[in-house]
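Chains, contacts and geometry: an overview
Residue strings, one per chain:
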Amino acid sequence: MIDISERAQSYFRKLLAEQGSPGWGIRLRARDGGTLKGDCELSFCEPGEIVGDEWVLECEGFSVYIDSASVPWLDGAALDYLPTGTGHALSVRAPRLRGDVDGAQSSLAERVNRVIVDIINPQLAQHSGRVSLMEVGSDGSVVLAFGGGCQGCGQVDLTLREGIERTLREQVPEITAVRDATEHAKGENPYYAAHAHGESALR
């Protein structure tokens, strides 16, 4: 069940009226549902774009179409059009959007690993790299191992401190330290090759 407030419905009616195209509706979908990157996407929906398996919510004067694959992530969502300091803004609350592994329901290691899988590794993959969780200590310290293009990379310290550690601390505030346990000398294909004088070059 998705709740759309009267204010939000009025806002959608105004937007649709401005389009001047009869039969148009609003499409609601979940992007990256079940991950920490989960987000809601709203767009106009023309009659010809309806495939028939959408979940349809009838509102006064228009319909909202929820993509079938998005329904599990958007069930229980609430849409409102709320006042802000500079006007109004559409608000979307979807408690299931980012999955159920959250807060007190999961261990510190599970939350750290989820950040690695959902956020960090997709970014490192652009440089053919990856990172794995080795250990989470009782003091909140995290031990990681790099692989792929990150193993032996001349920029790995910068990646660890400015990228990975910062992201982990933002997502999991209980973390006290992040350490690298990688044997970088065994890296076979580093993205940046380290040189003896301390500089790095893109391979």
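Up top you'll find the structure we're talking about.
Here goes a summary of the coordinates provided.

Analysis parameters
- Residues numbered from 1 in each chain as written.
- Predicted model: local features only at pLDDT ≥ 70, side-chain atom pairs only at ≥ 80, totals over all residues.
- Heavy atoms only, no water.
- Buried < 20%, exposed > 50% of the residue type's maximum accessible area, 1.4 Å probe, protein only.
- Helix = DSSP H or I, 4+ residues; strand = E, 2+ residues; numbered from the N terminus.
- Pairing = 2+ DSSP bridges.
- Axes fitted to C-alpha atoms, helices over the stretch in contact; angles between N-to-C directions.
- Contact = heavy atoms within 4.5 Å.
- Salt bridge = Lys/Arg side-chain N within 4 Å of Asp/Glu carboxyl O.
- Core = buried A, V, L, I, M, F, W, Y, C linked by side-chain atoms within 4.5 Å.

Describing the pairing of strand β2 (residues 25–31)
- In terms of residue burial, β2 counts as a mostly covered element, since five of its seven residues are buried.
- Sheet analysis places β2 next to strand β3 (residues 39–45), joined by seven bridges and oriented antiparallel. Pairing of Gly 25 across the sheet is with Cys 45, part of β3.
- Where β2 and strand β5 (residues 62–66) come together, three bridges link them in parallel fashion.

Here we look at the sheet that holds strand β8 (residues 129–136)
- Read from one edge of the open sheet, three strands run β8-β9-β10, paired in mixed fashion. Unpaired on one side and paired on the other, β8 and β10 (177–180) mark the two borders of the sheet. Taken pair by pair, the neighbouring strands of this sheet meet at an average axis angle of 30°, ignoring direction.
- Sheet topology note: the strand β9 (residues 141–148)/β10 ladder contains four bridges and is parallel. Directly across from Val 143, in β10, lies its bridge partner Arg 179.
- Helix α3 (residues 108–124) contacts β8 and β9 of the sheet and is inclined by roughly 170° relative to β8.

Here we look at the pattern of salt bridges
- As enumerated under the stated definition, the model contains 13 salt bridges in all.
- A salt bridge links Glu 41 to Arg 29; the shortest N-O distance between them is 2.9 Å. Here Glu 41 is found in strand β3, whereas its partner Arg 29 is found in strand β2, with twelve residues between them in sequence.
- With a shortest N-O distance of 3.2 Å, Arg 31 and Asp 39 are connected by a salt bridge.
- Taking the relative accessible area as the measure of exposure, Asp 39 reaches 35% and is therefore partly exposed.
- Each of Arg 27, Arg 29, Arg 31, Asp 39, Glu 41, Glu 54 and Asp 67 takes part in salt bridges that share partners, so that together they form one network.

Description of the nonpolar core
- Membership of the largest hydrophobic core comes to 20 residues, with the highest contact counts inside it found for Ile 120, Leu 144, Ile 164 and Leu 168.
- With six residues, the top contributor of residues to this core is α3.
- Those residues in contact with Ile 164 that sit more than four places away from it in its chain are Ile 120, Leu 124, Leu 144, Phe 146 and Thr 159.
- Ranked by size, the runner-up nonpolar core spans 19 residues in total, among them Ala 8, Cys 40, Leu 57 and Ala 94.

Observations regarding the environment of Gly 38
- Residue placement: Gly 38 occurs in the loop between β2 and β3.
- For Gly 38, a relative accessible area of 2% corresponds to the buried category.
- Along the chain, Gly 38 and Asp 118 lie 80 residues apart, while their C-alpha atoms are 9.5 Å from each other.
- Residues contacting Gly 38, with those up to four places away along its chain left out, are Arg 31, Asp 32, Leu 97 and Arg 98.

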